[in-house]
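Residues per chain, in single letters:
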Amino acid sequence: MDNKLKVFTWELTQRCNLRCSHCGSDCTSSISEKELDKDEALHVANDLCAFEIGKMVFSGGEPLLCPYWRELARIFGGKTELGMVTNGTLVTKDIARELKMYGFSLISVSIDGMEESHDLRREKGNFKVCMNAAANITGAGLKAGVNTTVTKDNIGELPEMFELLRSIGVTSWQIQPAVPSGRMKDHKDRLLTADDIWTLIQFAHDRNSLARSPAIFLAETIGYYSMMETRARQLAYGWDKLPVWRGCPAGTNSMGILSTGDIVGCISLRDRSFKERNVHDLWREGLTVLDYWNSSGAFRWRRGLSPEKLSGKCGKCQYAACCLGGCSNVRFCFSGTVESSNPMCVYSSEF
Ligand code: SF4
Ligand code: SF4
Ligand code: SF4
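None of the values given here were measured: they were computed from a predicted structure.

Focus on the overall build of the chain
Reasoning step 1: When you go through the chain residue by residue, the secondary structure sums to 14 helices and nine strands.
Reasoning step 2: For the chain, whose C-alpha radius of gyration is 19 Å, the value lies close to the compact-globule estimate of 20 Å for 351 residues.
Reasoning step 3: Structurally, the chain occupies a C-alpha span of about 50 × 50 × 40 Å along its principal axes.
Reasoning step 4: Across the 351 residues in the chain, those meeting the buried criterion constitute 46%.
Reasoning step 5: Considering only contacts in the chain between residues 6 or more positions apart, those separated by 24 or more positions represent 72%.

Given below as structure tokens:
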């Protein structure tokens, strides 16, 4: 298997100045665990320079609350595609100009619906703050993206959102269904069904076919193997060939680090069982992050996953060898194991 690291996501801090009702990471303004300090983070960054990472994303919590984001950006900016996912609260004109100066290409603001439903989920007045942040991002000459977590509460607002995002110059829009992790476990009745996922696919396909901005990017949690979904992705990415989903990239083509220094295949996988090694332990053993990535024991839960291990519909599916059950986080969040079936898969709803 080709285990080339292409995408790295860095949770700079778990601290956040919002307390959204659906937060999958359960972020708050204070945290009990010790996060990496600046010197430790720079050590990780230097370790990562041994990889040829195609894309680096700074995430959180709210990444702009991390006191050393600039120092890290200086290392990666201009060498790899650098992006950030932010709640928008701290993106002033000056910060936007700095983000541009440090070599970021795409800054994605989380917007979860039109004003009323966004503010209900996030914080009163936050919608206007996000609009302002998007204006500051485009004003600084950066590409403005938006990430939207979709539930039954905001799925009906997507067409109106499209027109709004278009009018403020957003070029890329990721839509991702909420999954039952973190605080979203308390709102399971608001989760999308496979039928709702079809609606998302159709929406992205129809809008992307018009070739009008913003391009809609379906998250990896959405799929799999329908012509409409595949075409929607092709249109968004501008690829010549139709893309084929080849399974969850966690630990095979992507990796992340939590603010505490724990290495994970994907920062959405929050359970302790997905924490590989902490960088402090690696360094004590004289190992780098690259040594760990290349070691035989790394990401065993993912690299050792095979179609025979999948149960339920995924275990019987004709695509299982290629798909391996779609998004691992979806399977784990719904059933507590990555070997279970994927309840959000639109293909599985057909048999
Ligand atoms: S969803 Fe994002 S902005 Fe909201 S509390 Fe969590 S990390 Fe903060
Ligand atoms: S049923 Fe499972 S293995 Fe088959 S396409 Fe859906 S997620 Fe993939
Ligand atoms: S767990 Fe899901 S979101 Fe994370 S890398 Fe795998 S497919 Fe992507």
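And the narrative resumes.
Some words on the nonpolar core
Reasoning step 1: Of all hydrophobic cores here, the largest spans 92 residues; its most connected members are Ile107, Ile137, Leu142, Leu200, Ile201 and Leu218.
Reasoning step 2: Ranked by residues supplied to this core, first place goes to helix H5 (residues 126-139) with five residues.

Digging into the environment of Asp206
Reasoning step 1: Looking at the element boundaries, Asp206 is found in helix H7 (residues 194-209).
Reasoning step 2: In the structure, Asp206 is positioned 26 residues away from Ala232 in sequence and 7.9 Å away in space, judged by C-alpha atoms.

A short note on the site of ligand 2
Reasoning step 1: Within the structure, ligand 2 sits among 14 residues, and Cys314, Cys317, Cys323, Cys345 and Ser348 are positioned closest to it.
Reasoning step 2: Of all elements in the fold, only helix H12 (312-316) and helix H13 (320-323) reach the threshold of two or more residues within the shell around ligand 2.

As for the site of ligand 1
Reasoning step 1: Around ligand 1, a shell composed of Cys16, Leu18, Arg19, Cys20, Cys23, Ser25, Cys27, Gly60, Gly61, Glu62, Asn87 and Ser110 is seen.
Reasoning step 2: A class-by-class count of the residues in the shell around ligand 1 yields five nonpolar, five polar and two charged.

Side note on helix H14 (residues 328-335)
Reasoning step 1: By the criterion of burial, H14 is predominantly enclosed, with six of the eight residues buried.
Reasoning step 2: Where H14 is buried, its residues meet helix H11 (300-303).
Reasoning step 3: Looking one or two places after H14, you find Gly336, whose phi comes out positive at around 80°.

Quick notes on unusual backbone geometry
Reasoning step 1: Geometrically, the link from Ser213 to Pro214 is a cis peptide bond, its omega value of 0° lying close to zero.
Reasoning step 2: Tracing the sequence through the fold places Pro214 in the loop between H7 and strand E7 (215-218).
Reasoning step 3: Each neighbour pair has its own omega, and for Gly223 with Tyr224 the value is 5°, a cis peptide bond.
Reasoning step 4: As for its position among the elements, Tyr224 is in the loop between E7 and helix H8 (227-237).
Reasoning step 5: Backbone geometry at Ala211 places phi at a positive 55°, although glycine is not the residue there.
Reasoning step 6: Residue position: Ala211 is located in the loop between H7 and E7.
Reasoning step 7: Ala211 gets classed as exposed once you count the C-beta atoms within 10 Å, which come to 9.

A few points about the environment of Val244
Reasoning step 1: Checked against the element boundaries, Val244 lands in the loop between H8 and strand E8 (254-257).
Reasoning step 2: With 12 C-beta atoms counted inside 10 Å, the residue Val244 sits in the exposed group.

Criteria and thresholds
Counting restarts for each chain: residues are numbered from 1 in the order of the written sequence. As a convention, the first chain written is A and the first ligand written is 1, with the rest following in written order. Restriction of local features to residues with pLDDT of at least 70 applies here, the model being predicted, together with a cutoff of 80 or more for giving and counting side-chain atom pairs; totals for whole chains, interfaces and linings are based on all residues. Helical segments are the DSSP runs of H or I of at least four residues, strand segments are the runs of E of at least two, and each set is numbered from the N terminus. It is over C-alpha atoms that the radius of gyration is taken, and the globule rule equals 2.2 Å times the number of residues to the power 0.38. Put plainly, a residue is buried at 20 or more neighbouring C-beta atoms within 10 Å of its own, exposed at 12 or fewer, and partly exposed in between, counting only other residues' C-beta atoms, which are placed from the backbone. The contact criterion used here is simple: two residues whose C-beta atoms, placed from the backbone, lie within 7 Å are in contact. One nonpolar core equals one set of buried Ala, Val, Leu, Ile, Met, Phe, Trp, Tyr and Cys residues connected by C-beta atoms within 7 Å. Each residue receives a C-beta atom placed from its backbone. It is near a molecule or strand if this atom lies within 6 Å of it. For this classification, Asp, Glu, Lys and Arg are treated as charged, while Ala, Val, Leu, Ile, Met, Phe, Trp, Tyr, Cys and Pro are nonpolar and the rest, including Gly, are polar.

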